[in-house]
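Chains, contacts and geometry: an overview
Okay, here's what each chain looks like letter by letter:
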Amino acid sequence: MKKAIYPGSFDPVTKGHLDVIERSSRLVDELVVGVLNNSAKNALFSVHERVNMLKELTAHFPNVTVDAFDGLLVDYAKKIGAVIIVRGLRAVTDFEYELQIAQTNHEIDTEIETIFLTTRLEYAYLSSTIVKEVASYGGDISHFVPQQVIARLYAKYGIEGFDQ
């Protein structure tokens, strides 16, 4: 049984993230979406909020679970029995960074492999940072995030009038 982890901050979860979750869930027996609790980053959503959003958005995938973690990814992967790390790639610049991380992780634990999924072209430009920037000015984010996230995101910026 192949178990994988798709780690990230998911602050907020985007349609690009959900695409990688859907596609990678078809490749493995079990997929854990690992929400990184990084105290060094100033997240917009709490870990609890991000985990709950992801659980809501992935409930229809029978082999996907969502959990929070902190510390080294390879340590967490080993703890949960994951042998695959899934990473999404949008551009060449992502690859250079992700390759270094994958090689480091493999050096720490040779039992764990990293697979890269290239993003669909329609999401190649998309990042949580861009979504937050557009949302902070009240811009239309409906093409970037699932409907269930829109009102929550605007509320973080004190922008009201958007229904879920």
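This write-up is about the structure you can find in this document. Given the structure is predicted, the values throughout are model-derived calculations rather than measurements.

**Topic: the pairing of strand β1 (residues 3–8)**
In terms of burial, β1 is a largely internal element, six of the six residues being buried. Burial along β1 is two-sided: the face carrying K3, I5 and P7 and the face carrying A4, Y6 and G8 are both buried. Between β1 and its parallel partner strand β2 (residues 30–36), the chain crosses via helix α1 (residues 15–25), and the hand of that crossover is right-handed. Pairing between β1 and strand β4 (residues 84–89): two bridges, direction parallel. Within the sheet, the bridge partner assigned to I5 lies in β4 and is I85.

**Let's talk about the nonpolar core**
I21, L31, L54, V86 and I141 are the most contacted members of the largest nonpolar core, which totals 34 residues. Elements with a minimum of two residues in this core: β1, α1, β2, α2 (47–58), β3 (64–69), β4, α5 (128–136) and α6 (147–156). If one sorts the elements of this core by residue count, α2 sits on top with five residues. Among all residues touching I141, those that are not within four sequence positions of it are V131, V134, A135, I150, L153 and Y154. Listed in part, the 11 residues of the second largest apolar core include V32, L73, V74 and I85.

**Quick word on the pairing of β4**
Of the strand pairs in this sheet, β4 and strand β5 (residues 113–118) are connected by six bridges, and their pairing is parallel. Bridge pairing links R87 to F116 in β5. Handedness of the crossover joining β4 and β5 through helix α4 (residues 92–108): right-handed.

Conventions and cut-offs
Every residue gets a number counted from 1 within its own chain, in the order that chain's sequence is written. With pLDDT at 70 or above as the cut-off, local features in this predicted model cover only qualifying residues; side-chain atom pairs require 80 or more to be listed or tallied, and sums for whole chains, interfaces and linings still use all residues. As a convention, hydrogens and water are excluded, and side-chain values are obtained from all of the structure's heavy atoms. Burial status follows relative accessibility: with a 1.4 Å probe on protein chains alone, a residue under 20% of its type maximum counts as buried, one over 50% as exposed, and anything between as partly exposed. Where helices and strands are cited, they refer to DSSP runs of H or I of at least four residues and of E of at least two residues respectively, numbered from the N terminus. The handedness rule is simple: strands pointing away from the viewer, and a clockwise path from the first strand over the helix to the second, make the crossover right-handed. Note on pairing: two strands pair once DSSP finds at least 2 bridges between them. The criterion is simple. A nonpolar core is a set of buried Ala, Val, Leu, Ile, Met, Phe, Trp, Tyr and Cys residues joined through side-chain atoms within 4.5 Å. Residue contacts are defined here by distance: any two heavy atoms, one from each residue, within 4.5 Å place the two residues in contact.

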